[in-house]
Amino acid sequence: MSTALPTDAVGWLLSGLVLLGALPMAASTIGHLLAALHRTRDHLDRVDPALQPRVAVVVPAWNEAAVLEHSVERMMALDYPTDRLRLVVVDDASTDATPAILAEAQRRYPGRVLHLRRERGGQGKAHTLNHGLQHVLADDWAQAVLITDADVVFTPTAIGRMARHLADPEVGAVMGFIREASDPPHWLGRYVGYEYATAQLSMRRAQNVVGAQACLAGGAQMLSRGNLEAIGGRIDTTTLAEDTVTTMQTQLAGRRVVFDPHAECWAEEPASLAALWKQRLRWARGNLQVTRRFRSVFFRPSRQHRLGNPWFGVIWFSTLYLPAFMILASAALVTLWFVDRGPAQIAFQLYWGASALMFVLGTVFVLLLDRRIARQSWWAALTFPGVVNLVVLAVVLAPAPMERLAATVLPGLGVTWDEHARDVALLGVYLWTSLAMLAAWLVYRADRTRVLRPLVPALVALVGFGPVLCAVTVAAYVAQARGAATTWDKTEKTGKVRAS
Amino acid sequence: MNERTTHGLDPTALLRADRRAETALLAKGVVAIAVAVVLGLMRTWWWV
């Protein structure tokens, strides 16, 4: 096939749009490289390792009987002075055994566990948290507040490792690393585990380096009392991403938000695609709401905060609009194919070639970051973009061997591997970038049927977990455009988290 | 400031270990870049 540079403005424009599609991947790659430099800005030189402020742990709980007993016991056994840690569980009018479990916990740990009950519940996590925060801030005992979820289990040193950063008065909030730890590990958890390693162990380190954090971990965030009071003493209740709002408010007030990858805790993530979809749809819709609210801070340098950092802005928006980038690249490539095939071939090679190398770099780096995740989630890491995309990457990286393979294998399957077949395959590949999201949505629909559900793990490997997340983002665009209600959906947890 | 906490873990030793782990990230980044570069070179010279 002939290749040539574009001959007119339309060709150049379309080629540019194709290459723009690689921007999100490029931003991630820069993030991995920044993460490798984390020691230069990890904040570990400004901590006091022996600092142990009085910490009030606030846990919102609605029908959490399955998980609460375990997490309370683990919390009481942490490597932190018992007289400096209080657990405040806000029971959001639970109708299961939650009140009884908390009554027993109060009896066993007098003065260390407090059960607050809201008689009228169901307003959502932020309202429940605010009930607890109001109580905690009513006296001056708490020097820091740890906000977490009922199912999150902290490793013994996690709270101490978070608290040490508060020795720096510039720090307003610290977050730990949430590890996916479902027991036994399930296929979806392996994808989420790898995704968390990428999003937290790599990207949050990168965000430490540039000095701007996108979002405090909902299940492991410690706020200094001063910061909490400065942002109004309460959590935002107007969006579905209250953690992100707290993160923004903290940084806009001139305080740093720090990620400590060694402050580790374990959480159980959804075991079905349908449950994961519901959770991620809420997150994606929340992010759209937050972006709208804080749109004026991006790409604008400020003396108060680093949220205007260019890389931070690119990674924020390329994550938020990743499906749009993919559809744009795909549409431009197909259009270019019909306008001028030579430049289409060049744009395709550049786009996919760069994507392939960036995929390899990112995957190797993230798997090197954590041995347990590498051991458990290597297959998920490999199939994260989907087997179909992996075949395309192989074709781009090793065209001659793959051509020989196709010429050998395909005739045996009754396919004549000629110029026409190549054209059809190439057009299919160009379109796949967009079609993968549609395919991912169909897999989600399949997960809701009893007959097709057993096939879902194989289908996700084929289509890719990445396209599934993109499809959720598209669903969030649609929900927001339709003006869907801002209501909180609880993510069901079973309490099966590894204990070590 | 080298107090031991309730379980006998030394916070200063933990901090030292954490700093070492962060320093090691640089080598991991170099390995990842090297793998990608080698693949890129193979694509350019051998597999075209």
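All of these numbers come straight from a predicted model, not from anything done at the bench.

### Notes on the sheet that holds strand S2 (residues 85–91) of chain A
Residue and element names in this part refer to chain A.
Step number 1: If you trace the eight strands from one edge of the open sheet to the other, you get S3-S2-S1-S4-S7-S6-S8-S5, paired in mixed fashion. For this open sheet the edge positions go to strand S3 (113–117) and strand S5 (153–154), each flanked by a neighbour on one side alone.
Step number 2: Bridge analysis of strand S6 (residues 171–180) against strand S7 (residues 221–224) gives three bridges, and the strand direction is antiparallel. Bridge pairing links Val174 to Met222 in S7.
Step number 3: Sitting on the sheet, helix H5 (residues 125–136) is in contact with strand S1 (55–61), S2, S3 and strand S4 (144–147), with an inclination near 150 degrees to S1.

### Details of the packing of aromatic side chains
Residue and element names in this part refer to chain A.
Step number 1: Counted under the stated rule, the structure contains 17 aromatic pairs over all chains.
Step number 2: With centroids separated by 6.3 Å and ring planes inclined at 85 degrees, the aromatic side chains of Trp187 and Tyr191 adopt a geometry described as edge-to-face. Of this pair, Trp187 and Tyr191 both sit in helix H7 (residues 187–210), separated by four residues, roughly a single helical turn.
Step number 3: Judged by relative accessible area, Trp187 falls into the partly exposed class, the value being 27%.
Step number 4: Since its relative accessible area comes to 4%, Tyr191 is described here as buried.
Step number 5: Where Phe348 meets Tyr430, the ring centres are 5.2 Å apart and the plane angle is 45 degrees; that geometry is what we call tilted. You can see Phe348 sitting in helix H13 (residues 341–369) and its partner Tyr430 sitting in helix H17 (residues 419–447), a full 82 residues away along the chain.
Step number 6: Take Tyr430: its relative accessible area is 0%, and that puts it in the buried class.
Step number 7: Through pairs of rings, three or more aromatic residues link up here, namely Phe298, Phe299, Phe312, Trp316, Phe317, Tyr321 and Tyr477.
Step number 8: Looking at Arg86, its charged tip hangs above the ring of Trp141, at a distance of 4.0 Å from the centre.

### Regarding a nonpolar patch on the surface
Step number 1: Side chains of Leu33(A), Ile33(B), Val37(B), Leu41(B), Trp45(B) and Trp46(B) sit close together on the surface and give an oily, nonpolar patch of about 650 Å² of accessible area.
Step number 2: No other element matches the four residues that helix H1 (residues 11–45) of chain B contributes to the nonpolar patch.
Step number 3: On the basis of relative accessible area, Trp46(B) is assigned to the exposed category, the value being 62%.

### A short note on the confidence of the model for chain B
Step number 1: Here chain B averages 84 in pLDDT, and 79% of its residues register 70 or above.
Step number 2: The complex model carries a pTM of 0.93, and its ipTM stands at 0.89.

### Details of the packing of H13(A) against helix H14 (residues 371–382) of chain A
All names here are of chain A.
Step number 1: Packing of H13 against H14 brings their axes to within 7 Å, and their N-to-C directions diverge by 150 degrees. In terms of their interaxial angle, H13 and H14 are classed as roughly antiparallel. Contacts from Phe359, Thr363, Leu367 and Leu369 in H13 reach Arg371, Ala374, Trp378, Ala381 and Leu382 in H14.
Step number 2: Counted by class, the contact of H13 with H14 contains seven nonpolar, one polar and one charged residues.

### Remarks on the interface of chain B and chain A
Step number 1: Each partner contributes to the interface: chain B provides 30 residues, whereas chain A provides 39 residues.
Step number 2: Counting each side, the surface lost to burial between chain B and chain A is near 2,900 Å², with a carbon and sulfur contribution of 66%.
Step number 3: The interface formed by chain B and chain A holds four salt bridges in total.
Step number 4: Across the pair Arg164(A) and Asp18(B) runs a salt bridge, and its minimum N-O distance is 2.7 Å.
Step number 5: When the residues that make up the side of chain B that touches chain A are grouped by side-chain class, the tally is 16 nonpolar, eight polar and six charged.

Thresholds applied
- Counting of residues starts from 1 at the beginning of each chain's written sequence and follows it residue by residue.
- Whichever chain is written first is A, and whichever ligand is written first is 1; the rest continue in order.
- Only residues with pLDDT of 70 or above have their local features reported here, since the model is predicted, and side-chain atom pairs are shown and tallied only from 80 upward, although totals for entire chains, interfaces and linings are computed over all residues.
- Excluding hydrogens and water, the side-chain figures rest on all heavy atoms present in the structure.
- DSSP calls a pair of strands paired once it identifies at least 2 bridges connecting them.
- Here a helix means four or more residues in a row that DSSP labels H or I, a strand means two or more in a row labelled E, and each is numbered from the N terminus.
- Residues count as neighbours in contact if any of their non-hydrogen atoms are within 4.5 Å of one another.
- Interaxial angles span 0 to 180 degrees and are taken between N-to-C directions of axes, which are lines fitted to C-alpha atoms, for helices over the stretch in contact.
- Think of it this way: a Phe, Tyr or Trp ring, Trp meaning its six-membered ring, pairs with another when their centres are within 6.5 Å, and the plane angle makes it stacked under 30 degrees, edge-to-face over 60, tilted otherwise.
- Each residue is assigned to one of three classes by its accessible area relative to the maximum for its type, calculated with a 1.4 Å probe on protein chains only: buried under 20%, partly exposed between the two thresholds, exposed over 50%.
- Charges are assigned to positions over rings by a cutoff of 6 Å between ring centre and Lys NZ or Arg CZ, combined with an angular limit of 35 degrees from the ring normal.
- Without a salt bridge and with relative accessible area above 30%, a residue can belong to a patch; like charges are then joined within 9 Å and nonpolar side chains (Val, Leu, Ile, Met, Phe, Trp, Tyr) within 5 Å.
- Using the Shrake-Rupley algorithm and a 1.4 Å probe, accessible areas are obtained, with residue cover drawn only from the displayed protein chains.
- Salt bridges, as used here, are contacts in which a Lys or Arg side-chain nitrogen is within 4 Å of a carboxyl oxygen on Asp or Glu.
- Per-residue confidence from the predictor is reported as pLDDT, a score between 0 and 100.
- Any angle that is under 35 degrees is reported as roughly parallel, and any over 145 degrees as roughly antiparallel; angles of 65 to 115 degrees are reported as roughly perpendicular and all others as oblique.
- Classes in brief: Ala, Val, Leu, Ile, Met, Phe, Trp, Tyr, Cys and Pro nonpolar; Asp, Glu, Lys and Arg charged; the others, Gly included, polar.
- What gets called buried area is simply the loss in accessible area from a 1.4 Å probe that two parts show on being joined, summed for both.

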